[in-house]
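So you can see what is in the structure, the chains are spelled out below.
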Amino acid sequence: MARLLRIVLVLVLVAGGVYFFRTQLTTVASQLEARYLPCRSPIHYSVGAIDPRFGISTSTFLKAIAAGEAIWEKPSKRDLFSYQPGGSLVINLIYDTRQQTTQQLHTIDGQVSDTRASYDALKAKYDRTRAEYQSKKAAFESALAQFNADQDAYNRDVQYWNAHGGAPAPEYSRLQQQKADLNTESAQLQARQSEVNSYVDDVNALVDELNKEARALNLNIAEYNKVGSSTGEEFEEAVYESSPGVNEINVYEFSSYAKLVRVLAHELGHSLGLDHVDAPSAIMYRVNQSTNAVATKADLAELDKVCGVQ
């Protein structure tokens, strides 16, 4: 029956004047089958892009997907997913500022656990890092102002002697030494600026995580602001995208293998048609905040509802 429905749907799409490539037709047919005959046959998934900056192999990624898949299949005793190269549900690892932030937090020994104790520790680290940044920035700006004053004085002297036919030997030697000193100072300032910029990256990484944890813990506090320009992106770990001919899970961030498994299980749930549930420990809760690695009663009730079990 499922195969017959898929064939009919493909024919309807073609006859109706909606043109897709063959792979898109297969994807659309699979999407419609999953929508109108949910849980009747497994969703075939495949691995798409894996950005090497995540530092994870294809085999490890597949292992994590299988673990996320098992979170739904074992308790429900249903065959819901199946790995198949070229499968219509494509799962990608997309690297952007979200994973960069997570890696930056690891670099500065950030702890990401979504608890109040973790938030307080992160807030203390943020306060220290921001204070260090402000001190380094003030010292750099003072040194830069002095450098600019020295360079202006040097340029005035050079212009003066050029207008008077050239500097005498002692003055020429002094100007040459001053030029060399300015070059050395310029190189030192560039190094100090790089150090200040690294503090900016650390502060902004901590801001992202503080705001994320505050939302996860429902803390009634104002959001922290980034230093300098902000990317303005919402910090979402992953997203399930479904539109005609497009059926994919894009994972953007994970801080540990366990978090990766949970976020994959969450998005696989969305691919089945599951909505968010209100239980904070559930796989389908709106925030990936719990360490729970099994489907809760709320999760399984939502699965039964989608699969048509009363």
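Residues numbered from 1 in each chain as written. Predicted model: local features only at pLDDT ≥ 70, side-chain atom pairs only at ≥ 80, totals over all residues. Heavy atoms only, no water.

Visitor: What is the right way to read the overall build of the chain from this model?
Guide: For the chain, the count of helices and strands is eight helices and five strands. For the chain, the N- to C-terminal ordering of α and β elements is α-α-β-α-β-β-α-α-α-β-β-α-α. Taken across its 310 residues, the chain has 40% of its residues classed as buried. The contacts in the chain between residues at least 6 apart in sequence include a share of 71% that link residues at least 24 apart. Total accessible area on the chain stands at roughly 16900 Å², and carbon and sulfur atoms take up 52% of it. (Helix = DSSP H or I, 4+ residues; strand = E, 2+ residues; numbered from the N terminus. Buried < 20%, exposed > 50% of the residue type's maximum accessible area, 1.4 Å probe, protein only. Contact = heavy atoms within 4.5 Å. Areas by Shrake-Rupley, 256 points an atom, 1.4 Å probe, with all protein chains shown as cover.)

Visitor: Could you clarify how one ought to interpret the pattern of salt bridges in this entry?
Guide: Between side chains of opposite charge, a pair can form as their charged atoms come close. By the definition in use, this model includes eight salt bridges. The shortest N-O distance in the salt bridge between Glu-195 and Lys-136 comes to 3.2 Å. You can see Glu-195 sitting in helix α6 (residues 169-216) and its partner Lys-136 sitting in helix α5 (residues 116-163), a full 59 residues away along the chain. Classification of Glu-195 as partly exposed rests on a relative accessible area of 33%. Assessed through its relative accessible area of 33%, Lys-136 is described here as partly exposed. Note that Lys-137 and Glu-141 form a salt bridge whose closest N and O atoms lie 2.8 Å from each other. Here Lys-137 and its partner Glu-141 are both found in helix α5, four residues apart, which amounts to about one turn of the helix. We classify Lys-137 as partly exposed; its relative accessible area is 31%. You can call Glu-141 partly exposed: its relative accessible area is 40%. (Salt bridge = Lys/Arg side-chain N within 4 Å of Asp/Glu carboxyl O.)

Visitor: Help me out: how do you make sense of the environment of Phe-61 in this one?
Guide: Relative to the helices and strands, Phe-61 resides in helix α3 (residues 58-76). Measuring from C-alpha to C-alpha, the distance between Phe-61 and Val-47 comes to 8.5 Å, with 14 residues separating the pair along the chain.

Visitor: Would you mind going over the side chain of Asn-250 with me for this structure?
Guide: Structurally, Asn-250 is set in strand β5 (residues 246-251). Classification of Asn-250 as buried rests on a relative accessible area of 6%. Reaching out from Asn-250, the side chain makes a polar contact with the side chain of Asn-92 at a distance of 2.9 Å. Sequence-distant contacts of Asn-250, defined by excluding residues within four places in its chain, comprise Asn-92, Ile-94, Glu-237, Ala-238, Val-239 and Glu-241. (Polar contact = N/O pair within 3.5 Å; in protein donor to acceptor, adjacent residues only side chain to side chain.)

Visitor: What's the story with the packing of aromatic side chains in this structure? I'm lost.
Guide: Aromatic ring pairs are described here by two measures, namely the spacing of the ring centres and the angle between the planes. The tally for this structure, following the rule as stated, stands at four aromatic pairs. Ring centres of Phe-54 and Tyr-95 lie 5.5 Å apart, and the angle between their planes is 80°; this geometry places the pair in the edge-to-face category. Here Phe-54 is found in the loop between β1 (43-50) and α3, whereas its partner Tyr-95 is found in the loop between β3 (89-93) and α4 (97-107), with 41 residues between them in sequence. No difference in accessibility class separates Phe-54 from Tyr-95, as the two residues are buried. For the ring pair Phe-54 and Phe-254, a centre distance of 5.6 Å and an interplane angle of 10° mean the geometry is stacked. With a gap of 200 residues between them, Phe-54 in the loop between β1 and α3 and Phe-254 in the loop between β5 and α7 (257-272) connect regions that are remote in the sequence. You'll find Phe-54 and Phe-254 in the same group, each marked buried. (Phe/Tyr/Trp six-rings, centres within 6.5 Å; stacked < 30°, edge-to-face > 60°.)

Visitor: What should I look at first to understand the state of the cysteines in this one?
Guide: Disulfide: a covalent bond formed between the sulfur atoms of two cysteine residues. For the structure on display, the rule yields one disulfide. Paired through a disulfide, Cys-39 and Cys-307 show a sulfur-sulfur distance of 1.8 Å. Disulfide Cys-39-Cys-307: torsion about the S-S bond near -65°, hence left-handed. Here the residue Cys-39 occupies a position in the loop between α2 (22-36) and β1, and Cys-307 occupies one in helix α8 (residues 297-307), the gap between them amounting to 268 residues. Residue Cys-307 is classed as buried on the basis of its relative accessible area of 8%. (Disulfide = S-S within 2.5 Å.)

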